Amino acid sequence: MTRKGRRLTLIASALAVIGVAIGLALFAFRDGVVFFVTPSELAAKTAAMAPNARMRIGGLVVQGSLSKADDRHIAFAITDNQTQVNVTYTGLLPDLFREGQGVVAEGVLANGVFRADSVLAKHDENYMPREVADSLKKQGVWNEGAVKK
Amino acid sequence: MIVEIGHYALVLALALAIVQGVVPLAGALRRDVALMAMARPAAVMQFLLVGISFGALTYAYVVSDFSVVNVFENSHSLKPLVYKFSGVWGNHEGSMLLWVLILALFGATVAVFSHGMPDDLRALVLAVQSWIAAAFLFFVLLTSNPFARLIPAPLEGRDLNPLLQDPGLAIHPPLLYVGYVGFSITFSFAAAALISGRIDAAWARYVRPWTLAAWIFLTLGIAMGSYWAYYTLGWGGFWFWDPVENASLMPWLAGTALLHSAAVMEKRDALKIWTIFLAILAFSLSLLGTFLVRSGVLTSVHSFATDPQRGVFILAILVFFIGGSLALFAFRASALKPGGIFAPVSREGALVLNNLLLTTCCATVFVGTLYPLALEAMTGEKISVGAPFFNLTFGPLFIPIILAMPIGQMLAWKRGDFFGAAQRLVLATAIGAGGALVLYALRGGPVAAPLLSGLALYLIIGSFVEIAGRIGGRGKSLSVIIARAIGLPRSAWGTAFAHAGIGLTLFGLAATGWGVERVITARVGEPIAVGPYEVSIRSLEPRLGSNYQELVAHTSISEGGAVLAEIDPSRRSFTTRSMVRTEAGIATIGMGQVYMNLADVRADGTLDLRLYWKPYVALIWIGALIMALGGFLSLSDRRLRIGIAKRAAARASVSGQAQAAE
């Protein structure tokens, strides 16, 4: 093979690999990506969204909304102080899940109820999921003193 | 007073770093031996000064000097002594000081162990290294001063984040930083080569031990971080495709590619432009990781207090070094002569394929990590790119790498025999395929589990086929085989072990498909089945630690009535930060682990538990240890020792001329 031919082989294989990678990435972006919304955005966008689209919602756990049907069937509501979304969840709640605290739930919306399959709470008293912190700041209910270390 | 000495030493280190960045550079450009000679003592002195500074901060932590803001915010007089030491870098300011310390350590190491190197190359390397040190010393002193005082001094500190009060903190960050920062040396070598315009096989020889050392520590650091997350976060996950983890994976991928392309450059004087580019890329990705973790762009346990000013500062450092080196690269790259030529099917060809796939893998991780940030910055829309994305992109790209690894080992330089190599791998392939079938018959599970474990077996066996061919043979006695095995270059063993380590890790990953997970409410004494074992909590015991209270569940694990292991999972309440942390109980049985986490204790005495049986899970980290062992073996190869490089350089230039004449 000539030097030119070798170079062509190299370029062709590089393009093939990169092409495959781009294809995989685009394919994976279709369902590997999850949007984050606030309860208000969720209410506004419900009609426009594909059914069974996975998403994350974040906000504060409504005071007094936590109820446990039995051991691990849990229901609570998330609010951004404008709109409230009811959430159901089966499983164990994280250590730092509290009423009145920030939380992020991931799952699908079905018949007006958000069915979560994972619930994330703050990692520690300084950490709040960034999306929640941002949306709380936007709504002016951010309590700087409580979160700042 | 000692704290002020530490602060002052840091300022002196900065001043010295600026001098060391300028004088040897001028010396190298003007060929002035005296100016170049300044680099070595300066690099050693810089390390000593940063060391004094680091020692002063450690002292403040050990004696609990709460008049230092940093100590007040992150320590407590009752904190166990080991966490007073490791707590020094369990916060933003201290961890940046550790960064700078390791940066200076690498500079000093180059200064001391570089007898065989040309004077001008050494001077340039140390000058560039010192530029990086100066930039980060500026950063520490201007935005993250760990020595700031607090008057009046509080009586008690706020304690370290309980998640960080763990032996992992003593090990993970230093290992990871040695890895991250180790690539600064390869970067400095690349920049030095570009400045001097001499880029040849000898350069690859000088730079390889440093790349290898950085790679070893990065491998260990990532593995240690993964194991720490696994046992501390309480749900048995060990890799989350979290941006912070990706930030360490990207330099690892680029560094792995660099190791392999540097081998081609060293042996065959080819891929020069590409190798230099990878050296720049690996460190750029390390800087990007530092930026992502330290700037507060991302929120995680790794980002401590955030301050936008710091983010902008690190971004400026990032732009300066990446931009500057790429500009230099663009300026010089066109002048490089292409080196030795090779057929597509050859050792070089295989290594090019390795590089192509590894950098593409790296690119997919890069896209998945930064796309959400870019999207949010541009449209305000918030998304999270999670495990499904990376499994779909990274996975399919990594499988061909694994298939090609044993084949590449067996191809000859310049022109290889693909079918010959494939023929020698028949046994490995058969064991892989057979193993997959047997595992599927025995354990079932999702199809990916037996398939990937078969692939892992193929890789583990295949990694040693080449060595077996060199030391074995028909009718050879055992003593001949042993003598040959010892006589083989250590780097050959290093390659085999590093590749087999990947296989072991892959096997551990594949076996997660056979894991059992139970979320259950139980009482004391009630037996619970998990996989092949039975778990039973014998008793609960409240205990008092130095700065926490805990409830311990004494638990035994048995199989068929015989007790195999005892574990003590617990829930700890940390008083100062009023925070709860669970300590998982983990029992290693064979290569698998029973993992138990006390999620909740209720008023009526029942316990919410997470229980896992994870077969072969320990192989994930053992594989990483074996990879690192391979790296150490390679590092100990006599060909890489300093001084030998000089003779090899002479040889390489002779063979280079021979090729040019060809």
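Keep in mind that what you see is a predicted model, and the values were worked out from it rather than measured.

*Asks:* Help me understand the overall build of chain B in this model?
*Replies:* Broken down by element type, chain B carries 21 helices and eleven strands. The burial tally for chain B puts 58% of its 662 residues in the buried class. Carbon and sulfur atoms make up 68% of the accessible area of chain B, which amounts to about 25,500 Å² in all.

*Asks:* Looking at this model, I keep getting lost on the overall build of chain A. Mind explaining?
*Replies:* Counting secondary structure elements, chain A contains four helices and seven strands. Burial analysis of chain A (149 residues in total) assigns 43% to the buried set. Of the contacts made within chain A by residues no fewer than 6 positions apart, 49% connect residues no fewer than 24 positions apart. Accessible surface, chain A as shown: approximately 7,900 Å² in total, 57% of it carbon and sulfur.

*Asks:* What should I look at first to understand the sheet that holds strand S9 (residues 585-589) of chain B in this one?
*Replies:* Paired through backbone hydrogen bonds, the strands of a sheet run either parallel or antiparallel to each other. Residues and elements named next belong to chain B. Overall, antiparallel pairing links the four strands, which are arranged S2-S11-S10-S9 in an open sheet. The sheet terminates laterally at strand S2 (516-522) and S9, the two strands that pair on one side only. Shown here is a sheet whose adjacent strand axes are inclined to one another by a mean of 15°, direction ignored. Strand direction decides the pairing type here: S9 and strand S10 (residues 592-601), joined by five bridges, are antiparallel. Bridging from a neighbouring strand, Ile589 pairs with Gly592 of S10. Lying over the sheet, helix H9 (residues 201-232) contacts S9, S10 and strand S11 (607-614), oriented at roughly 45° with respect to S10.

*Asks:* When you look at the confidence of the model for chain A in this model, what are you seeing that I'm missing?
*Replies:* In regions of low pLDDT, the predicted coordinates are not meant to be interpreted in detail. All names here are of chain A. Of all residues in chain A, 69% attain a pLDDT of 70 or more, and the chain-wide mean is 74. The element-level mean pLDDT for chain A is lowest in helix H4 (residues 144-147), coming to 38, with strand S5 (residues 84-90) highest at 88. Taken as a whole, residues 123-127 scores under 50 in pLDDT and shows 18 contacts with residues more than four places along the chain or in a different chain. Per-residue pLDDT stays below 50 along residues 142-149; that stretch engages in 14 contacts with residues further than four places along the chain or on separate chains.

*Asks:* Would you explain empty space enclosed by the protein in this entry?
*Replies:* Over the atoms a probe the size of a water molecule is rolled, and this reveals where empty space is left. All names here are of chain B. Scanning the entire structure with this criterion turns up one cavity of 30 Å³ or more. Around the largest cavity, the lining residues are Gln20, Ala43, Gln46, Leu103, Ala104, Gly107, Ala108, Leu126, Gln129, Ser130 and Ala133. Secondary structure elements with two or more residues in the lining of the largest cavity: helix H3 (39-62), helix H6 (92-112) and helix H7 (119-143). Residue composition of the lining of the largest cavity, by class: six nonpolar, five polar and no charged.

*Asks:* Help me out: how do you make sense of the layout of surface pockets in this one?
*Replies:* Taken as a whole, the second largest pocket encloses approximately 1,300 Å³ of empty space. A:Leu10, A:Ile11, B:Leu271, B:Phe342 and B:Val352 are, among the 46 residues lining the second largest pocket, the residues nearest its centre. Broken down by secondary-structure element, the contributors of at least two residues to the lining of the second largest pocket are helix H1 (3-32) of chain A together with helix H11 (272-294), helix H13 (347-379) and helix H14 (387-410) of chain B. Looking at which element gives the most residues to the lining of the second largest pocket, the answer is H1(A), with 14 residues. When its residues are assigned to classes, the lining of the second largest pocket shows 30 nonpolar, eleven polar and five charged.

*Asks:* Looking at this structure, how should I read the environment of B:Val100?
*Replies:* All names here are of chain B. Its place among the elements puts Val100 in helix H6. A residue is classified by how much of its surface remains accessible, and Val100, at 1% relative accessible area, is buried. Residues Val100 and Leu137, 37 residues apart in the sequence, show an inter-C-alpha distance of 6.8 Å. Sequence-distant contacts of Val100, that is, excluding residues within four places in its chain, are made with Val50, Phe136, Leu137 and Val140.

*Asks:* When you look at the packing of helix H19 (residues 490-511) of chain B against helix H20 (residues 618-635) of chain B in this model, what are you seeing that I'm missing?
*Replies:* Residues and elements named next belong to chain B. Taken N-terminus to C-terminus, the directions of H19 and H20 make an angle of 170°; their axes are 7 Å apart at the nearest point. Put simply, H19 runs roughly antiparallel to H20. Taken together, the residues that form the contact of H19 with H20 break down as 14 nonpolar, eight polar and one charged.

*Asks:* Is there a simple way to explain the packing of aromatic side chains in this structure?
*Replies:* Residues and elements named next belong to chain B. Evaluation of the coordinates by the stated rule reveals 29 aromatic pairs over all chains. Seen from their ring centres, Tyr230 and Trp621 are 4.8 Å apart, and the 50° between their planes marks the pair as tilted. Residue Tyr230 is found in helix H9, and its partner Trp621 is found in helix H20; the two are separated by 391 residues along the sequence. In this structure Tyr230 comes out as buried when scored by relative accessible area, which is 0%. For the ring pair Phe507 and Tyr616, a centre distance of 5.3 Å and an interplane angle of 85° mean the geometry is edge-to-face. Remark: Tyr616 occurs in the loop between S11 and H20 and Phe507 occurs in helix H19; sequence separation between them is 109 residues. Judged by relative accessible area, Phe507 falls into the buried class, the value being 9%. Taking the relative accessible area as the measure of exposure, Tyr616 reaches 27% and is therefore partly exposed. Through pairs of rings, three or more aromatic residues link up here, namely Tyr227, Tyr230, Tyr231, Phe238, Tyr595, Tyr612 and Trp621.

*Asks:* When you look at the pairing of strand S2 (residues 54-61) of chain A in this model, what are you seeing that I'm missing?
*Replies:* For a regular strand, the rule is simple: side chains alternate between the two faces of the sheet. All names here are of chain A. Burial runs high along S2: seven of the eight residues are buried. For strand S1 (residues 33-37) and S2, the ladder comprises three bridges, and the chain directions are parallel. Pairing of Phe36 across the sheet is with Arg56, part of S2. Here S2 runs beside strand S4 (residues 73-79); their pairing, made up of two bridges, is antiparallel. Paired with Leu60 across the bridge in S4 is Thr79.

*Asks:* What exactly am I supposed to notice about the side chain of B:Gln46 here?
*Replies:* Within the secondary structure, B:Gln46 sits in helix H3. Apart from the residues lying within four places of it in its own chain, the contact partners of B:Gln46 are B:Ala13, B:Leu16, B:Ala17, B:Gln20, B:Ala104, B:Ser130 and B:Ala133.

*Asks:* In this structure, what is going on with a nonpolar patch on the surface? I would like to understand it.
*Replies:* All names here are of chain B. A contiguous nonpolar patch, built from Val44, Met45, Leu48, Val112 and Phe113 and spanning about 410 Å² of accessible area, is present on the exposed surface. For the nonpolar patch, the element with the most residues is H3, which contributes three residues. When you line up the elements, Met45 lands in helix H3.

*Asks:* Is there a simple way to explain the nonpolar core in this structure?
*Replies:* The nonpolar side chains of a soluble globular protein tend to be buried with one another. All names here are of chain B. One finds Trp99, Phe189, Trp203, Trp252, Leu253, Ile276 and Phe398 to be the most contacted residues of the largest nonpolar core, which totals 168 residues. If one sorts the elements of this core by residue count, helix H8 (residues 167-196) sits on top with 16 residues. With residues up to four places along the chain from it excluded, the contact list for Ile276 reads Ala190, Ala193, Leu194, Ile199, Trp203 and Phe329. By size, the runner-up hydrophobic cluster in this structure holds 20 residues, among which are Ala553, Ala565, Ile567 and Leu611.

*Asks:* What am I meant to see in the packing of helix H10 (residues 243-268) of chain B against H11(B) here?
*Replies:* Pairs of packed helices are described in terms of their axes, by the angle between the two and the distance that separates them. Residue and element names in this part refer to chain B. Where H10 contacts H11, the axes come no closer than 8 Å and their chain directions differ by 165°. As judged from the angle between their axes, H10 and H11 are roughly antiparallel. Here H10 and H11 pass one another in a crossing that is left-handed. Classifying every residue of the contact of H10 with H11 gives 18 nonpolar, five polar and one charged.

*Asks:* Would you mind going over the state of the cysteines with me for this structure?
*Replies:* Residues and elements named next belong to chain B. A complete count under the given rule lists zero disulfides over all chains for this structure. Not engaged in a disulfide, the cysteine Cys361 finds its nearest cysteine sulfur in Cys362; these two sulfurs lie 8.5 Å apart. Overall, the relative accessible area of 0% leaves Cys361 in the buried class. Residue classification places Cys362 among the buried positions, given a relative accessible area of 6%.

Rules and cut-offs
- Residues numbered from 1 in each chain as written.
- Chains lettered and ligands numbered in written order.
- Predicted model: local features only at pLDDT ≥ 70, side-chain atom pairs only at ≥ 80, totals over all residues.
- Heavy atoms only, no water.
- Helix = DSSP H or I, 4+ residues; strand = E, 2+ residues; numbered from the N terminus.
- Buried < 20%, exposed > 50% of the residue type's maximum accessible area, 1.4 Å probe, protein only.
- Areas by Shrake-Rupley, 256 points an atom, 1.4 Å probe, with all protein chains shown as cover.
- Contact = heavy atoms within 4.5 Å.
- Pairing = 2+ DSSP bridges.
- Axes fitted to C-alpha atoms, helices over the stretch in contact; angles between N-to-C directions.
- pLDDT = per-residue confidence, 0-100.
- 1 Å grid on protein atoms, 1.4 Å probe; cavity = no way out; pocket = protein on both sides within 12 Å on 5 of 7 lines; lining within 4 Å.
- Points joined across faces, edges and corners; volume = space filled by probe spheres on them.
- Nonpolar A, V, L, I, M, F, W, Y, C, P; charged D, E, K, R; others polar.
- Parallel < 35°, antiparallel > 145°, perpendicular 65-115°, else oblique.
- Phe/Tyr/Trp six-rings, centres within 6.5 Å; stacked < 30°, edge-to-face > 60°.
- Patch = residues over 30% accessible without salt bridge, like charges linked within 9 Å, V, L, I, M, F, W, Y side chains within 5 Å.
- Salt bridge = Lys/Arg side-chain N within 4 Å of Asp/Glu carboxyl O.
- Core = buried A, V, L, I, M, F, W, Y, C linked by side-chain atoms within 4.5 Å.
- Left-handed = near helix turned anticlockwise from the far one by under 90°.
- Disulfide = S-S within 2.5 Å.

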